[in-house]
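An overview of the molecular structure
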Amino acid sequence: QVQLVESGGGLVQPGGSLRLSCAASRILFSIYNVGWYRQAPGKQRDLVAVITSGGRTNYGDSVKGRFTISRDNAKKSVYLQMNSLKPEDTAVYYCNAGRPGSNDFWGQGTQVTVSS
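Remarks on the nonpolar core
Membership of the largest hydrophobic core comes to 28 residues, with the highest contact counts inside it found for Trp 36, Val 78, Leu 80, Met 82 and Tyr 93. For this core, the secondary-structure elements that each account for two or more residues are β3 (18–25), β4 (33–39), β5 (46–51), β7 (67–72), β8 (77–82), β9 (91–98) and β11 (110–114). If we skip the residues at most four places from it in the chain, Val 78 touches Leu 20, Ser 21, Cys 22, Phe 29, Val 34, Trp 36, Ile 51, Ile 69, Ser 70, Arg 71 and Cys 95.

What follows is the structure in structure tokens.
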């Protein structure tokens, strides 16, 4: 069974930084597009950032210039470096792996809280 396990969430003050990690297992990681989504209470789950199997990246408008997504295929991991965090970045962050013609896989989520 495919597993995606997120880590790195926590409480941070506005303007601070966090780095999220997602480790995958039982998946041919290198051929998947992988990314991060987030969901705040009472809101829909939104795209934060995605990196394709070829290394192309795409970001949600609200995080452009502040967040950076990267991947390490040898470690079957995807990372999200989050800088200049704002209270509105508070949400549960989910790791996702998907590819055309295949089911999507999700992690269990990690809480990020930005508050003074």
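Focus: the sheet that holds β8
Adjacent strands of a sheet form backbone hydrogen bonds with each other and so pair up, either parallel or antiparallel. Pairing is antiparallel in the open sheet, where four strands are placed in the order β1-β3-β8-β7. Pairing within the sheet leaves two strands with one partner each, and these edge strands are β1 (3–7) and β7. Strand-to-strand twist of the sheet, defined as the mean angle between neighbouring strand axes without regard to direction, takes the value 15°. Of the strand pairs in this sheet, β1 and β3 are connected by five bridges, and their pairing is antiparallel. Residue pairing in the sheet places Val 5 in a bridge with Ala 23 of β3.

Quick look at the pairing of β5
Here β4 pairs with β5 via five bridges, running antiparallel. Bridging across to β5, Trp 36 finds its partner in Ala 49. The hairpin formed by β4 and β5 contains six residues between the paired strands, and Gly 42 there has a positive phi angle of roughly 75°. As paired elements, β5 and strand β6 (residues 57–59) share three bridges and run antiparallel to each other. Residue pairing across strands places Val 50 opposite Asn 58, the latter belonging to β6. Here β5 folds back onto β6, and the loop between the two strands holds five residues, one of which, Gly 55, carries a positive phi near 95°.

Here is what the cut-offs are and how they apply
Throughout, residues of each chain are indexed from 1 in the direction in which the sequence is written. The predicted origin of the model limits local features to residues at a pLDDT of at least 70 and limits the giving and counting of side-chain atom pairs to 80 or more, whereas totals for whole chains, interfaces and linings rest on all residues. Derived side-chain values reflect all non-hydrogen atoms in the structure, with water molecules and hydrogen atoms excluded from consideration. Only buried residues count toward a nonpolar core, which is a set of Ala, Val, Leu, Ile, Met, Phe, Trp, Tyr and Cys residues joined through side-chain atoms within 4.5 Å. Exposure classes here rest on a 1.4 Å probe applied to the protein chains alone. A residue is buried below 20% of its type maximum, exposed above 50%, and partly exposed in between. Put simply, DSSP marks the helices as runs of H or I at least four residues long and the strands as runs of E at least two long, and each gets a number from the N terminus on. Whether two residues are in contact is decided by their heavy atoms, any of which lying within 4.5 Å being enough. One requirement defines pairing of two strands: DSSP has to find at least two bridges between them. Fitted lines through C-alpha atoms give the axes, limited to the stretch in contact for helices. The angle between two N-to-C directions lies from 0 to 180 degrees.

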